[in-house]
Amino acid sequence: MLKSYVRPGIDDRPDYDKALSKEDKASVARLAREDRRLPPEASAKQPGAQTARLTAAGGASAAAAGVEAAVPDYSSSFLDMRDPMTAADGTKPSRAGVLRLKWAFALAAVLITAPWTMLNLIAIPNHIALLYGLNTETVLADGAKEAALATPLAVIIALGAVLSIIVTPVISTLSDHTRVIVGRRTPWLIGGGVFAALVTLILSATDTLTGLIAGWLFIQPAYAMLTVPLSAAIAERVPDKFRVGVERWHAVGVLVGQAAGGVIGGMSIAFGATDIFMCAAVLFVVSGIIPVLVWPHERSSVDQRWAHCNWEEAFSVLRGPRGDNAAVFHRLFCSQLFMMAAMSLTSVFLWYVVRFSLYGGGDPGDSTPLTLPAGTLVMMFAITIFGGALLATGLSGIIVDRIDDMPGLRNRNFRIAIVIAGGLYVVGLVAGMVTVMMGGEKLFLALAFLGGFSLSIYDVLMRSLVVESLPDSRNAGHDLGFYALAKPLGLILGAALGAAAVNAFAPSFGYVAVFPAAIICVCVAVALPLTVSRIDGD
């Protein structure tokens, strides 16, 4: 009997459903599927992430977030046919989901900023005084001993700021390339909160200046693990339709956190009911957990395409824009740097100014701890700053509209308004200096109110000028990231100038010397925009 003809490659082909195992079938299916996954987008280049970073770093107030500034963003869904109700990570949150995102970012801003303010404003300066044998509860004025505290405080603050500049792009890049089932940002937030809390507790137990410096350096990456992924999450998880509202909530949260940090820190040291380091540690732990619990569950990043970490690209944010078109931008950057230095001169040394210069005399017959009036004044100072910034937030839109309606060139009018805002800050600094020299408390709060108000208005006006001075709108994310460096660099400059001024005029003036230095920095900051001959739009 003849066998039927077998067609080669057709009739003798095996039945793959029977011949292949389940593992083989899965492998074939993966080969047949087109891989649409994209490598992680660098958050350092996203204008939205950089705008949130400016707010988190204190370089932009709630007033600046509330006034719409058209930051160029070519990835925005408003420029193409994509749905503006869908976030960059592909999720489309419901109305309840958007509300949860608003609350998550606002609460995270409060809980992260409050302990950081407590440490910078009171805890670290007071701990340095104790290490040098000065019990702030009882010690009376001694210009030589008090001036000796300025240098170690300035060194600690400056070294921390330098390290923060370095670790920020590192944390940003590693967070972008995280591939775990809970998402890219969640593990960094939780880990950063726990890490910051542990280092804070170690700081409280440190009894040497070297240990304090080491602890402060360790807390910089921990703080970056909280702020950097949170800023990137705003750009990723919030649809373009709701981005402005969420950024405003986040900015207000930063303001509330600064006020809460001053109040809690002042209460802790004034009444001695709680340990300020312990309070800060608890808030750090909660700050990493609360946003993860409140916002909608973050999508897994396991399927994210693997990519090499481009460290040259990550650190490119440390290089500013180049070319002839970047001259205006660099002058505005220097203006922001000097204004941040002026603010740092009073904030870094505020506890020493209040405790030693304002309440240094004391009453030898009074057994009340001198930390009580000093801590209470710091509490009032923080609340008053918040009030001034809140007033600026309400009036910023009206002020910008009035400037737009004024005759003449718009940006020239903005530069004149910057001079007026700087003048208000100078008035506040003069009032604070006179108060410290002559005694009194109420006039000292004028510095807080005028400072909070004028700095917020300054941020609003500068944001508009900086956006219009961007050399290349396609690199807006990179350039805004470089502009954010004005905060840590200004902090370094302010700490160095403050220590130099205090040591130069000790023991006659002591910490009163920080006020003239701050006034000079403000004058330089408002003068630099006036030297700009032209900004696009003039």
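Cut-offs used in this document
Residue numbers restart at each chain and count upward from 1, following the sequence in its written direction. For a predicted model such as this one, the threshold for reporting local features is a pLDDT of at least 70, and the threshold for listing and counting side-chain atom pairs is 80 or more; totals across whole chains, interfaces and linings nevertheless cover every residue. The side-chain values count all of the structure's non-hydrogen atoms but skip hydrogen atoms and water molecules. Secondary structure counts use DSSP, requiring at least four H or I residues in a row for a helix and at least two E residues in a row for a strand, with both numbered from the N terminus. Relative accessibility decides the category of a residue: with a 1.4 Å probe and only protein chains considered, values under 20% of the type maximum give buried, values over 50% give exposed, and everything between is partly exposed. Contacts are assigned to residue pairs with any non-hydrogen atoms lying within 4.5 Å of each other. Surface accessibility in these figures is a Shrake-Rupley result with a 1.4 Å probe; residues are shielded only by whichever protein chains are displayed. Patches here: salt-bridge-free residues with over 30% relative accessible area, like charges joined within 9 Å, nonpolar side chains (Val, Leu, Ile, Met, Phe, Trp, Tyr) joined within 5 Å. The working definition used for a salt bridge is a side-chain nitrogen of Lys or Arg within 4 Å of a carboxyl oxygen of Asp or Glu. Convention adopted: a line fitted to C-alpha atoms gives each axis, helices being fitted over their contacting stretch, and angles between N-to-C directions are expressed from 0 to 180 degrees. The handedness criterion is simple: a crossing whose near helix is rotated anticlockwise from the far helix by less than a right angle is left-handed, and one whose near helix is rotated clockwise is right-handed. Polarity classes work like this: nonpolar for Ala, Val, Leu, Ile, Met, Phe, Trp, Tyr, Cys and Pro, charged for Asp, Glu, Lys and Arg, and polar for all others, with Gly in that last group. Ring pairs shown here join Phe, Tyr and Trp side chains whose ring centres sit within 6.5 Å, with only the six-membered ring taken for Trp; geometry is labelled stacked below 30 degrees between planes, edge-to-face above 60, and tilted in between. Note on geometry: a ring has a charge over it if NZ (lysine) or CZ (arginine) is within 6 Å of the ring centre and within 35 degrees of the ring normal. Only buried residues count toward a nonpolar core, which is a set of Ala, Val, Leu, Ile, Met, Phe, Trp, Tyr and Cys residues joined through side-chain atoms within 4.5 Å. Between the first and last residue of a helix there are one fewer steps than residues, each counted as 1.5 Å, and that sum is the expected span. Residues adjacent in sequence count toward polar contacts only when both atoms are side-chain atoms; beyond that, a polar contact is any pair of N or O atoms within 3.5 Å, and within protein one must be able to donate a hydrogen and the other to accept it. Two cysteine sulfur atoms make up a disulfide if the distance between them is within 2.5 Å.

1. Here's the deal with the overall build of the chain
When you go through the chain residue by residue, the secondary structure sums to 20 helices and 0 strands. A burial count over the chain gives 51% of its 538 residues as buried. Excluding contacts between residues fewer than 6 apart, the proportion of contacts in the chain whose partners are at least 24 apart in sequence is 85%. For the chain, the exposed area adds up to about 24,100 Å²; of that, 64% sits on carbon and sulfur atoms.

2. Here we look at a nonpolar patch on the surface
On the surface, Val430, Val434, Met437, Met438, Leu443, Phe505 and Phe509 cluster together to form a nonpolar patch covering roughly 690 Å² of accessible area. Tallying contributions element by element places helix H16 (residues 410-438) first for the nonpolar patch, with 4 residues. One can find valine 434 in helix H16.

3. Quick notes on the packing of helix H5 (residues 95-131) against helix H10 (residues 243-271)
Contact geometry of H5 with H10 gives a least axis separation of 6 Å together with a crossing angle of 35°. The handedness of the crossing between H5 and H10 comes out as right-handed. Of the residues belonging to the contact of H5 with H10, the class tally is 17 nonpolar, 11 polar and 1 charged.

4. Describing the environment of valine 256
Residue position: valine 256 is located in helix H10. Taking the C-alpha atoms as reference points, valine 256 and alanine 106, 150 residues apart in sequence, are found 9.3 Å from one another. In this view, valine 256 contacts Val110 and Phe386; residues no more than four positions away in its chain are not counted.

5. Quick word on the side chain of serine 335
Position of serine 335 among the secondary structure elements: in helix H13 (residues 327-348). Leaving out residues up to four positions away in the same chain, serine 335 has contacts with Tyr458, Met462, Ala525, Leu528 and Pro529.

6. Quick look at the packing of aromatic side chains
Within this structure, the stated rule accounts for 12 aromatic pairs. Ring centres of tryptophan 103 and tryptophan 249 lie 5.3 Å apart, and the angle between their planes is 85°; on these two criteria the pair is classed as edge-to-face. Taken together, the residues tryptophan 103 in helix H5 and tryptophan 249 in helix H10 connect sequence positions 146 residues apart. Tryptophan 249 gets classed as partly exposed once you look at its relative accessible area, which sits at 28%. Put simply, the rings of Phe329, Phe333, Phe482 and Tyr483 touch in pairs and so form one group of aromatic residues. Here the basic side chain of arginine 237 rests over the ring of tryptophan 295, its NZ or CZ set 4.8 Å away from the ring centre.

7. Re the pattern of salt bridges
For the coordinates displayed, the defined rule picks out 4 salt bridges. Arginine 185 serves as the salt-bridge partner of glutamate 236, at 2.3 Å between the closest nitrogen and oxygen. Highlighted residues: glutamate 236 in helix H9 (residues 209-237) and arginine 185 in the loop between helix H7 (150-176) and helix H8 (186-205), separated in sequence by 51 residues. By relative accessible area, arginine 185 is classed as buried at 1%. Linking aspartate 240 and arginine 243 is a salt bridge whose minimum nitrogen-to-oxygen distance equals 2.9 Å. On the basis of relative accessible area, aspartate 240 is assigned to the buried category, the value being 16%. Looking at arginine 243, the relative accessible area reads 10%, which means it is buried. Connected via shared salt-bridge partners are Asp176, Arg184, Arg185 and Glu236.

8. Looking at the nonpolar core
Core analysis: the largest hydrophobic core is formed by 127 residues, its most contacted members being Ile124, Phe349, Phe444 and Phe515. Here this core gets 16 residues from one element, more than from any other, and that element is H5. Excluding residues within four positions of it along the chain, phenylalanine 349 makes contact with Ala150, Leu153, Ala154, Ser344, Gly494, Ala495, Gly498, Ala499, Tyr511 and Val514.

9. So, helix H11 (residues 276-294)
Under the 1.5 Å per step criterion, the end-to-end length of H11 is 27 Å for 19 residues, consistent within 8% with the ideal 27 Å. Within the sequence span of H11, burial applies to Ile276, Phe277, Ala280, Ala281, Leu283, Phe284, Ser287, Gly288 and Pro291. Packed against the buried residues of H11 are H5, H8, H9 and H10. A side-chain oxygen of the first residue of H11 lies 3.2 Å from the backbone nitrogen of phenylalanine 277; this N-cap is aspartate 275.

10. Comments concerning the state of the cysteines
This model, assessed by the stated rule, comprises 0 disulfides. For the unlinked cysteine cysteine 523, the closest cysteine sulfur is that of cysteine 521, found at 9.3 Å. Cysteine 523 gets classed as partly exposed once you look at its relative accessible area, which sits at 40%.

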